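What follows is the residue order along each chain.
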Amino acid sequence: MEGDGGIAYSRSEIQWKLVAMELFKAVRITTALSSDAFTALAQRYTQPLHVFLCGLVHDPELARDLLQETFIAAWNAAQQGTAPMVAGAEEASMRRWLYRVAYRRAVDSLRRRRLIRWESLQVTHDANESFDGEAQRPFEELIAESEAMQRALASLAPEDTACLLLMVVQGFTAQEAAAIIGSSAAAMGKRIGRAKRRLLAAYLAQDASIVGGQS
Amino acid sequence: MNPTNARHPSGPDCTRLAPLLPQLRQGTLDPAEEAAVRAHLATCAYCQAELATYDRLDEQLRAYVQRFAATAPSADEVVGLAIAQRSSAHPEMDAENHSRPRQGRQSDVITYGENDMDDPSNPYGTYDTTRTVPYPPHSGRQPSHTPRRHLVLATIAAVLIIGLAASLFALFARPSSGPTHDSTPTVAAQPTPTVQPTATPQPTPIATTGIVNFGHPCSTSGYGITDYVQMGDLQVGKVRFSLAYAANELLANLDSSKPYQLPDNLPKPPNPPVNPETSGGNGYLFTICNTSSTTSHVIASVAVRIAAFAPYSGTLNTYMFCDSFYQRPYGVAGGGCGGGLTFDEQLQANFLAKATSGAQVTATQLRTGRTGPTGPTATPLPIGLGPGQMLVIALGVTPPTAPGTYTFAFGLNYDTVISAPISTMEPTLFDSAAVKWNGGNCTKPALLNQIPASDTTGRYVCAP
């Protein structure tokens, strides 16, 4: 049978394609992640992802938006039965997927605009209640350290910051972090070393200017 | 943080090995490099100081970002909005049980190419899993149209209206000789009678350290708790695990000299849960909502009782899903769990080492916290819980030392009621001597050689 667009299919080929499409849809329905499983996933990763995004964009409000977008994408994937957001998939795979989407959202956001940030001291002050050791430390010292770390992180490339946050804070292996950022495991080894050196230099410069290099 | 101590002269090897120090904790050095670095560290004070500096940098980084944990939205909020967003964008799909092909609206659809990282044939990304993700275009904060923004604005408006109404009420309706509300924060109203057959009246009212009167509306309840116990006005969520990361029990007769291929049917969550992390005030969580519209109640303390105990003997092999596994061709893979906890009260119930069935302890206060970016920080128990307000309690339990299956029952002391039963947890196996299997242990040559080179799907773990 000749087609108008230069691609020809026989009637049986078309029938087989229709059958295949129906089968595909059926499989997709049976593998869709349930709302309960999705909720459990969100309960486990909402806060770590939020922390990760805050470390990338340094703005809790923007991080909340990006987090929401990430879970919207995840829920769409779950409803469409798109791997790895499917029933029975490894949670580690879902976790990497979430971080990868969140990372891309954050990088897109950072690239679209240069942030003019409103810096709130509220975060440091509020969270102070939850840290046994830090609760005893001078408030001004915590503020200074927080600002120094924030500025030091902001001076790094987003890929370096993400590498640090993923491997040092979130505990991902180099292979996993590479998959999230879109790199190779070997490159991640070099990147984490370089990122730490750069962060240390930037942090010490900030630390010295703010708190006089106190330990 | 002090910079590296420059008084230590760098030796000839430092130039070559010091640049590798930042990678040492991340496991990204190859075995020869790591061995050389560690051997050098043993004798080089300069590099020891350098490594200590990087360790402190790691700690500072973790502390910095963890401060943002308090600003995270609740998972229920995130899930609710995600589902609502999809329902509004794809009503036809939800109505038809998601069976229709995806048809994104061109006006509000952004296409992303999020690669399937778990396709073994393509770990880094050429597999076409382009998805169409409906959500408002995000072009900066000003034009954000997320429903959460609307919720926030609506909440602010509601708070302003309530505040205005309260001010007017205080101005015109307050008795001239009576105390103001703010002047008596520690006095809780008398409780309503409760029906608790096992309750024992307490002789005197409980003095509170404060009262929760705003910022914790019961409507924000969630935390995944769906089963409640009603105690008069108090709706108490049944205690559940929270960030406990319980392990699975593996077969008892595993050969520790061989890799073990994880079965695909490991129960999630583990059944029975094994060695959940219940120290430091973490592991269990429940909420208390005061459903009264007029009356405050005093939340005094939480009691934990060993309702049942069955001793365990023999070797307990475990695998926790947050641990790694070994899978060719990736090597050590998986593993790692994050998570943070928001709470108002964080408590720990410590049983004596030899306690057994029937023993009961009252949990002690570890710290207080806050459950949202706008809510107030709680004061320690006992605390007054205002009408319509909620309290989130995170709780850890230090079990006795005898290995075995413990069933913990939780009770609430409130108002004049003591040990009102909340709920009983599922039997949980605790054994501090459990053998923890993971993928990292499989990198020893003797074990690694036993994993078939052709097996690219099996997930293996090994004993320490």
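Everything numeric in this text was worked out from a predicted model, so none of it was measured.

**A closer look at the overall build of chain B**
Right, on to step 1. Along the backbone of chain B there are eight helices and 23 strands.
Right, on to step 2. Burial analysis of chain B (464 residues in total) assigns 47% to the buried set.
Right, on to step 3. Put simply, of all contacts in chain B between residues at least 6 apart along the chain, 75% involve residues at least 24 apart.
Right, on to step 4. Accessible area for chain B stands at about 21,800 Å²; split by element, carbon and sulfur atoms hold 57% of it.

**Observations concerning the overall build of chain A**
Right, on to step 1. When helices and strands are counted, chain A shows nine helices and zero strands.
Right, on to step 2. When the helices and strands of chain A are listed from N to C terminus, the series reads α-α-α-α-α-α-α-α-α.
Right, on to step 3. For chain A, with 215 residues in total, the buried portion stands at 54%.
Right, on to step 4. Taking the intrachain contacts of chain A between residues at least 6 apart in sequence as the baseline, contacts between residues at least 24 apart amount to 69%.
Right, on to step 5. Counting only carbon and sulfur atoms, one obtains 54% of the accessible surface of chain A, whose full area is about 9,100 Å².

**Here's the deal with helix α8 (residues 174–181) of chain A**
Note that an α-helix has 3.6 residues per turn; residues three or four places apart therefore point the same way.
Residue and element names in this part refer to chain A.
Right, on to step 1. Where burial is concerned, most of α8 is hidden: seven out of the eight residues are buried.
Right, on to step 2. When we look at burial in α8, the residues that qualify are Ala 174, Glu 176, Ala 177, Ala 178, Ala 179, Ile 180 and Ile 181.
Right, on to step 3. Just past α8, the residue Gly 182 takes up positive phi, approximately 90°.

**With respect to helix α3 (residues 31–41) of chain B**
All names here are of chain B.
Right, on to step 1. For α3, the set of buried residues is Val 37, His 40 and Leu 41. Buried residues along α3 cover an arc of 100° about the axis, so they all sit on one side. Every exposed residue of α3 that faces more than 90 degrees away from the buried side is listed here: Pro 31, Ala 32 and Ala 39.

**Focus: the packing of aromatic side chains**
Right, on to step 1. Scanning the model with the defined rule gives 14 aromatic pairs over all chains in all.
Right, on to step 2. On the numbers, 6.3 Å between centres and 75° between planes, the contact of B:Tyr260 with B:Trp437 is edge-to-face. With B:Tyr260 in strand β8 (residues 260–261) and B:Trp437 in the loop between β22 (435–436) and α8 (445–448), this pair connects stretches of sequence that are 177 residues apart.
Right, on to step 3. Counting every residue linked through ring pairs, the aromatic cluster contains B:Phe309, B:Phe351, B:Tyr406, B:Phe408 and B:Phe430.
Right, on to step 4. Stacked on the ring of A:Phe172, the Lys or Arg A:Arg95 has its end atom at 3.8 Å from the ring centre.
Right, on to step 5. Above the ring of B:Phe325, the side-chain terminus of B:Arg459 is found at 5.3 Å from the ring centroid.

**A look at the pattern of salt bridges**
All names here are of chain A.
Right, on to step 1. By the definition in use, this model includes 11 salt bridges over all chains.
Right, on to step 2. Linking Arg 44 and Glu 91 is a salt bridge whose minimum nitrogen-to-oxygen distance equals 3.1 Å. Note that Arg 44 is positioned in helix α2 (residues 35–57) and Glu 91 in helix α4 (residues 91–112), a separation of 47 residues in sequence.
Right, on to step 3. For Arg 44, a relative accessible area of 23% puts it in the partly exposed group.
Right, on to step 4. Using a relative accessible area of 18% as the deciding quantity, one classes Glu 91 as buried.
Right, on to step 5. What emerges from the salt-bridge pattern is a single network uniting Asp 160, Arg 191, Arg 194 and Arg 198.

**Observations regarding the nonpolar core**
Right, on to step 1. Counting 86 residues, the largest nonpolar core has A:Phe52, A:Phe71, A:Met85, A:Leu98, A:Leu164, A:Leu199 and B:Leu61 as the members making the most contacts within it.
Right, on to step 2. Apart from the residues lying within four places of it in its own chain, the contact partners of A:Leu164 are A:Leu153, A:Leu156, A:Val169, A:Ile192, A:Ala195, A:Lys196, A:Leu199 and B:Leu61.
Right, on to step 3. Core analysis: the next-biggest nonpolar cluster, separate from the first, contains 39 residues, B:Val236, B:Tyr284, B:Ala378 and B:Tyr406 among them.

Rules used in this analysis
Positions within a chain are numbered from 1, following the residues in the order the chain's sequence is written. The order in which chains are written sets their letters, starting at A; the order in which ligands are written sets their numbers, starting at 1. Under the rules for a predicted model, residues below a pLDDT of 70 receive no local features and side-chain atom pairs below 80 are neither given nor counted, while totals for whole chains, interfaces and linings still include all residues. Side-chain metrics rest on all non-hydrogen atoms present in the structure, leaving aside hydrogens and water. Under the DSSP-based scheme used, a helix requires at least four consecutive residues in state H or I and a strand at least two consecutive residues in state E, with every element numbered from the N terminus. Whether a residue is buried, partly exposed or exposed follows from its accessible area with a 1.4 Å probe, protein chains only, as a fraction of its type maximum: under 20%, in between, or over 50%, in that order. Contacts are residue-level and defined by heavy atoms, with any inter-residue pair within 4.5 Å sufficient. All accessibility values rest on the Shrake-Rupley procedure with a 1.4 Å probe; residue burial counts only the protein chains present in the view. It is the directions from the helix axis to the C-beta atoms that the arc portrays. Only rings of Phe, Tyr and Trp enter the pairing, Trp through its six-membered ring, and a pair is recorded when the two centres are within 6.5 Å. The plane angle decides the type: under 30 degrees is stacked, over 60 is edge-to-face, the rest tilted. Each ring is checked for a lysine NZ or an arginine CZ that lies within 6 Å of its centre and within 35 degrees of its normal; such an atom marks a charge sitting over the ring. Note on definitions: salt bridges are taken to be side-chain nitrogens of Lys or Arg within 4 Å of carboxyl oxygens of Asp or Glu. Residues grouped as a nonpolar core are buried Ala, Val, Leu, Ile, Met, Phe, Trp, Tyr and Cys residues, joined through side-chain atoms within 4.5 Å.

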